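# Coordinate inspection notes
One-letter residues, chain by chain:
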Amino acid sequence: MHLGLLPSRGGNLPLWLRLGVHISLIIALAIGLISFLNYYNFEKSFRELNVSRVSVVARDLRQAIEVCLNICLAPRDNLELAREIAAARERTTGLRFAAVIDEQGRRLLELGSACADQDWGLRLDGQGWLGEDAVSYQIGLPYRNSFGLISGAIILGYDKAEIDRATAKLRGALLVDWMIAVLAVSLLVMLGTWLITRRLRHELDVAESALKVTDRDAAVPKLHLPILGEEVEQGISDLVRKQASLMEGAAEKPAHTLT
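Please read these numbers as outputs of a predicted model, since none were measured by experiment.

### Here we look at the pairing of strand S3 (residues 129-132)
Side-chain alternation along S3 places Trp-129 and Gly-131 on a buried face and Leu-130 and Glu-132 on a face that remains uncovered. Pairing between S3 and strand S4 (residues 136-144): four bridges, direction antiparallel. In the sheet register, Gly-131 faces S4, and the bridge partner there is Gln-138. Between S3 and S4, which follow one another and run antiparallel, lie three residues.

Shown next, in the form of C-alpha cells:
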C-alpha cells in the first residue's frame, strides 16, 4: 500500500511534504509578525517610559531654576542648584549628564560628560525637545525668567547603550523563541499532514489504478473512498463502465476493408 511516504513518479515530492512545507512557512511568517509587533511595542513603551522617568527629573530641576530666577539668582551662582543636579544624577539610573544653558546656548552648569558639539541653542523654542548624540538620548526643557521670557534650558542626557542593551536582549530572546516555536510547530505540522494525507493518498492511488483498467473483460472495481466521497466513487465507477463499453463496441465493429 502506497502511503505517500516516497516521492511519486516524475520526481515530485509526496503530498504530505508539499502541504507541510507550505503550512509551516505560513505559520512561521505569522509567528514572526507577532514577534516583531511585540518587539516594536516593547521598544516603544520602554523608550516612552524612560522619557517619562527623566522628564520628571528635568521638570523638578527646571522648577528649581525658575524659583531662583524669581529672586534674581542666576543658575551659575546657585550652589543649591548644583547640589540638586548632583543628587538627581546620582539617584537617576542611567543619567549620563545634566547641563544648564542660557538663551545663547552657552553652558552655565554641567555635571557629567556631554559631547561638545550640540545644537541646544537652536532648539530653544519654548516647547522642549527630545534629542540624541553618539552616546546619549536627551531631554531638554526651557526655563523662563520672572517676565515669562525663555532664559535657557535644562538638558538631561541618559545612557543610550543601556536602552539599546535592553531592547537588544529582548530582540535576541524573541529570535530564539521564534526559532524554537517554528521548529516545534513545523514538526507537528509535518506529522499532522502525514497523518491526514496518508489515507487521502491511498484513495487517490486506488482511484488512479481503477481508471487505468483497460481490459474490457475485467470487472468494474468496487471502490470505497470515504474521504473523496460517494460522488467521486460513483463517478469513477461510471467512467470505468463507459470506458469498457466503448472498448467493447470498438471490438465488435467490423473492420473496413480497402477495395
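Let us keep going from here.
### A look at a nonpolar patch on the surface
The grouping of Leu-33, Phe-36, Leu-37 and Tyr-40 at the surface amounts to a nonpolar patch, some 430 Å² of accessible area in total. Within the secondary structure, Leu-33 is located in helix H1 (residues 15-70).

### Some remarks on the packing of H1 against helix H2 (residues 79-91)
Two measures define how a pair of helices packs: the angle their axes make with one another and the distance between the axes. For the pair H1 and H2, the least separation of the axes is 10 Å and the interaxial angle reads 175 degrees. On the basis of the axis angle, H1 is roughly antiparallel to H2. Only Leu-81, Glu-84, Ile-85 and Ala-88 of H2 make contact with H1, whose side of the interface consists of Val-57, Leu-61, Ala-64 and Ile-65. Residues of the contact of H1 with H2, tallied by class, amount to seven nonpolar, no polar and one charged.

### Examining the environment of Phe-42
Inspection of the secondary structure assignment puts Phe-42 in helix H1. For the pair Phe-42 and Leu-170, spaced 128 residues apart in sequence, the C-alpha separation works out to 8.6 Å. Aside from chain neighbours lying at most four places away, what touches Phe-42 is Ala-166, Thr-167 and Leu-170.

Definitions and cut-offs
Residues numbered from 1 in each chain as written. Predicted model: local features only at pLDDT ≥ 70, side-chain atom pairs only at ≥ 80, totals over all residues. Heavy atoms only, no water. Buried < 20%, exposed > 50% of the residue type's maximum accessible area, 1.4 Å probe, protein only. Helix = DSSP H or I, 4+ residues; strand = E, 2+ residues; numbered from the N terminus. Pairing = 2+ DSSP bridges. Patch = residues over 30% accessible without salt bridge, like charges linked within 9 Å, V, L, I, M, F, W, Y side chains within 5 Å. Areas by Shrake-Rupley, 256 points an atom, 1.4 Å probe, with all protein chains shown as cover. Salt bridge = Lys/Arg side-chain N within 4 Å of Asp/Glu carboxyl O. Axes fitted to C-alpha atoms, helices over the stretch in contact; angles between N-to-C directions. Parallel < 35°, antiparallel > 145°, perpendicular 65-115°, else oblique. Contact = heavy atoms within 4.5 Å. Nonpolar A, V, L, I, M, F, W, Y, C, P; charged D, E, K, R; others polar.

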